[in-house]
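Below, each chain spelled out in residue letters.
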Amino acid sequence: MKRILLHIFACAVLVASVCAAFAGTLYDLVRMTTPTTGANYVVSLGVAVPGFRSFSQAGVPDGATVSIGIFDAGGSPVQSLTGRGTYSAGANSVTITQIIASTNNDAMIPLSGSAQIFISPNALDIETVTAGSTGTNGVAPGDLLVASPSNACNGSPCLADSGINKSLNGLFNAPNVQSANYTIAASDCNGTVVETGAFQTITLPSSLTGFPSSCPVRIVNGSSTRAQALSNFPSSLPTRCGGACLWPNQSVTVGIASGAWIVIAAPGRWKPPSLGGVQLFASPSGSDNNDCLSSASPCATIGNALNIVQDNIDFSGGSNVATINLASGTYNECIFWVGPIVGVENVYILGSLSSPSSYIINCANNYAVQARDHSIVTLEGLTLTAQTAAYSAISASQFSAIDLDTVILNGDSGGIDIQAFQLGTVNIVGPVTAGSSVAIFALVYESANLTINSNITIDFGVTVGTFAEPTELGSIVVTGAPTITNNGTVTNMCSISLLGLLNRGGITFPGAVCTPATGGQLN
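Residues numbered from 1 in each chain as written. Predicted model: local features only at pLDDT ≥ 70, side-chain atom pairs only at ≥ 80, totals over all residues. Heavy atoms only, no water.

What follows is about the overall build of the chain. When its secondary structure is counted, the chain shows one helix and 46 strands. Relative to its full complement of 523 residues, the chain shows a buried share of 50%. Intrachain contacts of the chain at a sequence separation of at least 6 include 66% that bridge at least 24 residues. Looking at the chain as shown, the accessible area adds up to about 21,100 Å², and 52% of this sits on carbon and sulfur atoms. (Helix = DSSP H or I, 4+ residues; strand = E, 2+ residues; numbered from the N terminus. Buried < 20%, exposed > 50% of the residue type's maximum accessible area, 1.4 Å probe, protein only. Contact = heavy atoms within 4.5 Å. Areas by Shrake-Rupley, 256 points an atom, 1.4 Å probe, with all protein chains shown as cover.)

Here it is as structure tokens:
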């Protein structure tokens, strides 16, 4: 017999006559280092921690599933986890098959490369049974639990009760690991389903025939890089991916109440572990039913990618940058970016610095890109077109900021290229081209600010009525030593009023010299 676990019945001592049945194969003094980094379910094994043994030294057989813990003091913050994993002697690794609890919202913790993994019992290894009662599968105080390769339970923990072996697998359901589309079955009740495939669909059946009355099931996204789509789940879950979905390493627990599926534990916002932030992808040939986390599975619209950032992600804790990578083409939409976002520092929308004319945001009836309410966005390698004179190609307001790098601005012929107001900020940090005729190149007002720190080119044949118009405490300030190249026609260099400020920084502005109105300042 490989392991005998004796249930000690001492109700005269235990409060309320409560006793516990223990099950599971344990190995003593196993604690090893792991060089694995990131939220990786396959944990490579390093060396035994001094004073402890390795998995092989303790005699853990290849393929054995054991109860494990992970402690990582090298991360920020310190993280820990308890669950179950399968040992591979050949790969010298442990694959995490079930997470029972973790300090990362019960998801896989991001490993620092200096964590320790060890064998240890956990809460699911114990069933508490009150004296005089019977627990799961007939377990009662005083029963003898045995596990042996030769017993009737084929090596699983068994109950020896009056010579009758009763399997305890119902107590300790192994996780149901899937890698393709999967529909929850009655056999998953009181257990965990782990989906390891890339953007697969987990479905709750409409018919509950054959299901028990409650049927709690925990569904885990076992992928650290892709989402999993949830079909037929309760409408209380947030929707994206064409419906509800689990983001990497998230989990949701559902059950049955009054003949319908309900959410017992919602996944909440996704907290990406990487300090590099989140990479999202969009393409005119994509679909907003995708998870947008791969160039092979992009959103169709930039707006949907922004909605994922705004509605589904918690950037606090270091992962505070979101990047939306665009495929070339025309995006017929108007970008409206409203903050604040949970923990986010910046959102990058990236086209191509070498060919911005191939990455077009074409807005028919609003600002091409509008940032409001403490949002921050960087636009790189893009062409922005606004087709209505009432709106500009760029608009920043209410403490928001837009950085421009290698951007072509195509405002309407009667409109504006850049507009900042209500304490908004626009920063020209890379080359900007005025690509169409406009009434005003830059209108800045209501204590807003435009900083010019890179070259501006007015394209051939373009007509600009007024190049710079700061008003109502708005300011336009040149820093560094940029140049403004005029290949078109600029009528007025500036119009300054109501305590507006234009500081040219010693460079030449196109158009006739303007005379500031009373209170305006021209430097």
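Now that the structure is up, let's keep going.
Let us look at the packing of aromatic side chains. Inspection of every chain in the model, using the stated rule, returns seven aromatic pairs. Seen from the ring of Phe52, Arg31 lies directly overhead, with NZ or CZ sitting 5.4 Å from the centre. (Phe/Tyr/Trp six-rings, centres within 6.5 Å; stacked < 30°, edge-to-face > 60°. Lys NZ or Arg CZ within 6 Å of the ring centre and 35° of its normal.)

Moving on: the confidence of the model for the chain. Detailed conclusions should not be drawn from predicted coordinates in areas where pLDDT is low. Confidence in the prediction for the chain averages 84 pLDDT; 83% of positions are at 70 or higher. Within the model, the stretch residues 127–172 combines pLDDT values under 50 with 112 contacts to residues more than four positions away or in other chains. (pLDDT = per-residue confidence, 0-100.)

Following Ser76, the chain continues to Pro77 via a peptide bond in cis, the omega torsion being 10°. Note on placement: Pro77 falls in the loop between strand 6 (65–72) and strand 7 (79–88). With phi around 60°, Asp373 is a residue other than glycine that occupies positive phi space. Within the secondary structure layout, Asp373 lies in the loop between strand 31 (369–372) and strand 32 (376–386). Although it is not a glycine, Leu473 sits at a positive phi angle of roughly 65°. Judged by its relative accessible area of 48%, Leu473 is partly exposed.

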